[in-house]
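Okay, here's what each chain looks like letter by letter:
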Amino acid sequence: MEATELNLNRSQALLHIVNANFAALLAPRASGKTTGGIGPRIAHLSEAMPRSQAIFFSDTFERIHDKLIPNIVSFIENEMGYVDGQDYVAFKKTPEHFADSLIKLNKFDHVLSFASGFRLCCASQKVSGSANGYNAQALIVDEAKFVKPETLTTEVLPAIRGARRYFGHLPEYASQWYFTDKWEGDINWLLKLRDHHMNLKLIKAVTSLQLHLYELKELEHNDDADKKVKAKILQLENKLQTVRRDLVYVCDAEPFENLDNLSIVTGK
C-alpha cells in the first residue's frame, strides 16, 4: 500500500503525532472523528501490528453496523485507497491471500479484516459479554459518552491480552483510544484522567521529538544519508516507544478546527 497524505486538523494531527498508549479525542459533532481519528488509527494499527486484533467497542451493534462501520469503510476506500476483497473484507471469512491473524477466529459476522492479518472485532455494551470471546491487542471506543467505565473494566479490558512477545515493546500494544463528543452522556471519567494523569510537558516533548523524527526520515531517503542519521532515527524511535507506552493524552478539540464541515450561524 502506497503512502497516503491525509488532510487533518490540528487536534487530529496531534492525536496521531503523540500516539499515546491511552488517548481520547473529545470533539464536537460533525468534526471528522472517523476520517481524522478512528479511520487513520485503524490503518495505523494494521501496519504497526500486522496479524493482531483490536476490539472496536460502542454502546450498540446497531450503531456499529449501521453508522460506524460504513463510515470507516468509506474512509479506507476513499482516503486510503483500500479495495474490498483485495485489501479488506467486512463481516465475512477472509480470502486466501490475506495473512492469518495470530489468534484464530471462527466467526466473522462482527469482524472487519485486513490483508495484513489485522482484524477489527466489534463488540457492544448492549450485548453483555460480546467482547469476552476475543483476544485483542488494542481497543478503540466510539461514542465513549454512552459507555460505562465499569463495563470496560469488567468485560472489555480483560480481552486486551496475548501476543505480548510480538508487540509488547510497542506503544500500540494494549492501547486504548476513545472518541466522543461532549453532549449528553457522561465523559467525567475521561476528564478526570485528563486532569490527574496527563503530563503536558511530556506531551510537548513527545510532539517535538516526533516532528524531528519526521525531518530525519526525510533525510534518510536521500542517497547520501549517512550512518549517523540512521542511528539517530533508531535512537529516537526507541526513546519514543518507551515514553509512549505509559503516556496519557486527552485532546479537547475546538469547534473552529472543522469549519469546512460546519456552517457559521450569526445573529443580528
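Below, the structure is looked at part by part. (Residues numbered from 1 in each chain as written. Predicted model: local features only at pLDDT ≥ 70, side-chain atom pairs only at ≥ 80, totals over all residues. Heavy atoms only, no water.)

Regarding unusual backbone geometry
Of note in the backbone geometry, Arg51 takes a positive phi value of approximately 75° without being a glycine. Relative to the helices and strands, Arg51 resides in the loop between α2 (33–48) and β2 (53–58). Using a relative accessible area of 37% as the deciding quantity, one classes Arg51 as partly exposed. Unusually for a residue other than glycine, Ala163 sits at a positive phi of about 60°. (Helix = DSSP H or I, 4+ residues; strand = E, 2+ residues; numbered from the N terminus. Buried < 20%, exposed > 50% of the residue type's maximum accessible area, 1.4 Å probe, protein only.)

Digging into the packing of aromatic side chains
Summed over the entire model, instances satisfying the criterion amount to 6 aromatic pairs. Aromatic pair Phe114 and Phe118: ring centres 5.7 Å apart, planes at 45°, arrangement tilted. For Phe114, a relative accessible area of 2% corresponds to the buried category. For Phe118, a relative accessible area of 0% corresponds to the buried category. Residues Tyr178 and Trp189 carry aromatic rings whose centres are separated by 5.3 Å and whose planes lie at 90° to one another, so their mutual orientation is edge-to-face. With Tyr178 in strand β7 (residues 175–180) and Trp189 in helix α6 (residues 188–197), the pair connects residues that are 11 residues apart, well separated along the chain. Across the pair, Trp189 and Tyr178 agree in class, each one buried. Counting every residue linked through ring pairs, the aromatic cluster contains Phe22, Tyr178 and Trp189. (Phe/Tyr/Trp six-rings, centres within 6.5 Å; stacked < 30°, edge-to-face > 60°.)

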